Amino acid sequence: GITSYLVNKQEQDFDTVRPLMTCSREQTEFFRMSLRHHNRHQLLLTWIAGPLVMLAVNFSGPGVATLIKGEELGLDTGWGFLSAMLFWVVACQMLLIVFKNSRTFAHIGAEYIQIDLLDTAGLVPFARVGIRNVLIYVGGYAILPLVYIDGSIFLPSLLLSLAVTIPLVLTLLLMPMLSLHGRIEREKAAELERIQRALHGDRDALEDSPIAIDAEHVGFTGLILYRQMVQDVREWPVDFPLFVRLSVYILIPLLTWFGAAVVEKLVDVFIL
């Protein structure tokens, strides 16, 4: 369900940035189709990768320990073992799809997007793709305090999961917009250099500038104001609403952990 939601939103974001793309119509349609159609063999490999990841993450858990000892799995342990295995298969498929789609947006941003420093609002969808990717992990991080219901036996698995997933979160967050950030940064530096040359009398330096059509009519004061405008251009395609959304995504797990700690403290004080 989460993956379906993300892909639907990614298609909407793709349609938003389509007018800014410089590639052919056929290539544009191929990129859009690739957001929903993925290599079948790679998806089938997740049925191998999922159980392997599950065994690695839960190596110190009771289910794996029972298997290593050669003991018979009970109904509860067996069901937990099977559900964990199925979870990691689905999780690997979800990560594969989201990773490939994020890489597609990264490739488009690096090669096929027209950068206009005077209008960067159209680039915000690249940031939306990255920030929505964080949604995959928010629910999981929010329920992690539940592992303490069974004591600290699952703590090593929890720490290992965090060690693996936190770098993945950062990767999926930054991947769709990192290459675009680099292009905006380089274009901004190049434009500031053109303005600086123009301020020193070289008006031909503005030939490739967005204000080239009015270069001969822009005075010294106008160039100073234009330079300030370019300096204020954000190098990351993130607006304030997206920043608020990302902050909420981060705060939800933290508040859950804080609430779990408060409840545990209250139980210790008033009941035990």
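These numbers come from a predicted model, not from an experiment.

*Asks:* It is not clear to me how the packing of aromatic side chains should be interpreted in this structure. Could you clarify?
*Replies:* Each aromatic ring pair is described using two quantities: the centre-to-centre distance and the angle formed by the ring planes. Inspection of the entire model under this criterion finds four aromatic pairs. Summarising the aromatic geometry, the rings of Phe 30 and Phe 31 are spaced 6.2 Å apart at their centres and angled 55° between planes, so their arrangement reads as tilted. Using a relative accessible area of 7% as the deciding quantity, one classes Phe 31 as buried. With a centroid separation of 5.7 Å and an interplanar angle of 50°, the aromatic rings of Phe 31 and Tyr 112 are classed as tilted. With Phe 31 in helix α2 (residues 25-34) and Tyr 112 in the loop between α5 (75-111) and α6 (124-133), this pair connects stretches of sequence that are 81 residues apart. Since its relative accessible area comes to 19%, Tyr 112 is described here as buried.

*Asks:* How should the environment of Gly 50 be read in this particular structure?
*Replies:* Within the secondary structure, Gly 50 is located in helix α3 (residues 40-57). In contact with Gly 50, other than residues within four places in its own chain, are Trp 88, Val 89 and Cys 92.

*Asks:* Just to check I follow, could you spell out the packing of helix α1 (residues 2-17) against α6 for this structure?
*Replies:* A pair of packed helices is captured by two measures, namely the crossing angle of their axes and the spacing between those axes. Between α1 and α6, the shortest axis-to-axis distance is 9 Å and the interhelical angle comes to 170°. As far as their axial angle goes, α6 and α1 are roughly antiparallel. Here Tyr 5, Leu 6, Lys 9, Gln 10, Asp 13, Thr 16 and Val 17 of α1 come into contact with α6, specifically with Pro 125, Phe 126, Arg 128, Val 129, Arg 132 and Asn 133. Split by residue class, the contact of α1 with α6 holds six nonpolar, three polar and four charged.

*Asks:* Quick question: what am I supposed to make of the pattern of salt bridges here?
*Replies:* Should the charged atoms of two oppositely charged side chains come close, the side chains can pair. Tallied over the entire structure, the rule returns 11 salt bridges. Residue Glu 11 is joined to Arg 36 by a salt bridge in which the shortest nitrogen-to-oxygen separation is 2.9 Å. Linking Glu 11 in helix α1 with Arg 36 in the loop between α2 and α3, this pair joins segments that are 25 residues apart in sequence. Glu 11 sits in the buried class, given a relative accessible area of 12%. For Arg 36, a relative accessible area of 40% puts it in the partly exposed group. The closest approach of N and O atoms between Asp 15 and Arg 18, which form a salt bridge, is 3.1 Å. Residue Asp 15 is classed as partly exposed on the basis of its relative accessible area of 32%.

Conventions used here
- Residues numbered from 1 in each chain as written.
- Predicted model: local features only at pLDDT ≥ 70, side-chain atom pairs only at ≥ 80, totals over all residues.
- Heavy atoms only, no water.
- Phe/Tyr/Trp six-rings, centres within 6.5 Å; stacked < 30°, edge-to-face > 60°.
- Buried < 20%, exposed > 50% of the residue type's maximum accessible area, 1.4 Å probe, protein only.
- Helix = DSSP H or I, 4+ residues; strand = E, 2+ residues; numbered from the N terminus.
- Contact = heavy atoms within 4.5 Å.
- Axes fitted to C-alpha atoms, helices over the stretch in contact; angles between N-to-C directions.
- Parallel < 35°, antiparallel > 145°, perpendicular 65-115°, else oblique.
- Nonpolar A, V, L, I, M, F, W, Y, C, P; charged D, E, K, R; others polar.
- Salt bridge = Lys/Arg side-chain N within 4 Å of Asp/Glu carboxyl O.

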